[in-house]
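Coordinates in review
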Amino acid sequence: MSRLHNAGYEFRDLLEADDAAISSPVSLPIPPFGSWASELNKVFGGGYNLFGFASISEFYFGLSFYLSNSPSWSDLRVYWNSGGQSNYLGAIEVHVFTDPGTGLRCQVASTVGGNLTVVASGATAVSANTWHHLEGHVVIGSTTGLIEAKLNGVSQFVYSGATDVGGNTTIDSIEPHSVGATNSNVYVDNVIVNNTAGGSDNSWPGRVYIGGLIPSAAGPYTSMSTLVGAATQWETVDEAPPDDDTSYVADTVAGNKSAFGMADPPSLTGWVIGRAWVDLRAAQPSTSTGRIATFLQTAGTDFEGSAQSLTSLYGRYIESYKNNPQSGAGWNAGELTSLSAGAVVRGTGSVERRVTGVRMMYEVTSVVATVSSFAYFQLAVKVFACMGNVQWLLSSMR
């Protein structure tokens, strides 16, 4: 599978990242899509989200970002690392000064963990206090190394040269990281990482936006028998962020399942759905052989995901569908309505399998809409978010 990572922060937690520090999901400034973005916040040295994957020598990434310029400057650096750690082999940096504005800069380390040297720069100044979209393409190699970047879909630079820092021929994580003056804010959203394998999602991701549908009603199944912290099952799994053991639905009997009616999305007319996935937050209170599987019902047909092992800490469990499993074809906007999603108890043992959060996530890819319909869509997303009890400050279209 060529899609390695996607993060839209619609649970208002950081479990889509493999590691995070000095970071929190926030609703302001208004994200470019959905309800939440990640704030890499506010202190010199900054915060980060780290996304890990199997070692690769070539990858593409994309993300939305917003930089404040208070008091004077702020940076977003997208590092890549080897060995599952922050050893900073290279980076694409977005750097904003109050005066003058500067563009993207490409940096490569001379030694593992060493200082980064600027080897290429973009000509387009990056404005502060608005959302932009950054894409990068990196090839790790001694003579075939390549780093190139796009800002809002426009090419900024192509660097050809050695990128195998310290003899590392692969990388295994990328890391959006804030590096800015105290009280400068860096926000990221819609993080995508692709490798070059497979027949799709194997190149530039383009402007990908990630949204999430929240439980809003009872669904077709309620056989998970333990209900804690709420009057109905669906109300145990709709919080943002999930409240862990404060409210959850649980059971010990393999095959029992609960599914919840998901709120419909705002109008997606003129947009293309790239994929959808069921996203759970689940745990078991002690070590056991219990497992959990995702559940999806679309057009009256049930689909169960693979059984996944649980730990005593609440974690993220997903099943992704590039195509609609009912039709076998790509998703269309109408197919994201009237969905039910939830969980199925699997594995053995008498320890409860607890579910505290459920979302039906989706990616919006190729935009077919006109500018006027895009503005309407942005407003629809914000109104929809308000219905989910998220407080928004409406602004003009960016």
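Quick caveat, the model's predicted, so the values are computed rather than measured.

1. Some remarks on the overall build of the protein
For the protein, the helix and strand inventory stands at one helix and 27 strands. Looking at the protein alone, contacts between residues at least 24 apart form 73% of all its contacts between residues at least 6 apart. Looking at the protein as shown, the accessible area adds up to about 14,900 Å², and 52% of this sits on carbon and sulfur atoms.

2. Description of the nonpolar core
Within soluble globular proteins, side chains that are nonpolar tend to cluster in buried spots. In this structure, Phe65, Leu76, Trp80 and Ile174 are the most contacted members of the largest nonpolar core, which totals 40 residues. Ranked by residue count, the leading element in this core is strand 6 (residues 58–67), at five residues. If near-sequence neighbours (up to four positions away) are discounted, isoleucine 174 is found in contact with Asn49, Leu50, Phe51, Phe53, Phe59, Phe61, Val78, Tyr79, Trp80 and Val193. Counting residues in hydrophobic clusters, the runner-up holds 32 residues, among them Phe33, Trp271, Leu296 and Leu310.

3. Structural notes on the side chain of asparagine 324
Turning to its location among the elements, asparagine 324 is positioned in the loop between strand 25 (315–321) and strand 26 (340–347). Assessed through its relative accessible area of 1%, asparagine 324 is described here as buried. Among the polar contacts made by the side chain of asparagine 324, one reaches the main-chain amide nitrogen of glutamine 326 at a distance of 2.8 Å.

4. Things to note about the pairing of strand 20 (residues 257–262)
Extensive coverage of strand 20 is indicated by the burial of five of its six residues. Two strands pair when backbone bridges link them, and strand 17 (residues 215–222) and strand 20 are joined in this way by four bridges, in the antiparallel orientation. Residue pairing in the sheet places threonine 222 in a bridge with serine 258 of strand 20. As paired elements, strand 20 and strand 26 share five bridges and run antiparallel to each other. The partner of phenylalanine 260 across the bridge, within strand 26, is alanine 341.

5. A look at the pattern of salt bridges
Going through the model one piece at a time under the given rule, you end up with 14 salt bridges. Salt-bridge contacts for arginine 346 lead to glutamate 304; the nearest nitrogen and oxygen are separated by 2.7 Å. Highlighted residues: arginine 346 in strand 26 and glutamate 304 in strand 23 (residues 301–304), separated in sequence by 42 residues. By relative accessible area, which is 39% here, glutamate 304 ends up partly exposed. One salt-bridge network, held together by shared partners, links Arg3, Asp201, Arg275, Lys322 and Glu363.

6. Focus: the pairing of strand 14 (residues 171–178)
Counting buried residues in strand 14 gives eight out of eight residues, a clear majority hidden from the surface. Sheet analysis places strand 5 (residues 48–56) next to strand 14, joined by four bridges and oriented antiparallel. Looking at the pairing, tyrosine 48 lines up with histidine 177 of strand 14.

7. Thoughts on the environment of valine 165
Relative to the helices and strands, valine 165 is located in the loop between strand 13 (154–160) and strand 14. The buried category is assigned to valine 165, whose relative accessible area is 5%. Residues valine 165 and tyrosine 88, spaced 77 residues apart in sequence, show a C-alpha to C-alpha distance of 9.4 Å. Residues within four places of valine 165 in sequence aside, it is in contact with Leu89, Val108, Ala109, Ser110, Thr111 and Val112.

Calculation criteria
- Residues numbered from 1 in each chain as written.
- Predicted model: local features only at pLDDT ≥ 70, side-chain atom pairs only at ≥ 80, totals over all residues.
- Heavy atoms only, no water.
- Helix = DSSP H or I, 4+ residues; strand = E, 2+ residues; numbered from the N terminus.
- Contact = heavy atoms within 4.5 Å.
- Areas by Shrake-Rupley, 256 points an atom, 1.4 Å probe, with all protein chains shown as cover.
- Core = buried A, V, L, I, M, F, W, Y, C linked by side-chain atoms within 4.5 Å.
- Buried < 20%, exposed > 50% of the residue type's maximum accessible area, 1.4 Å probe, protein only.
- Polar contact = N/O pair within 3.5 Å; in protein donor to acceptor, adjacent residues only side chain to side chain.
- Pairing = 2+ DSSP bridges.
- Salt bridge = Lys/Arg side-chain N within 4 Å of Asp/Glu carboxyl O.

These figures come from the coordinates and say nothing about function on their own.
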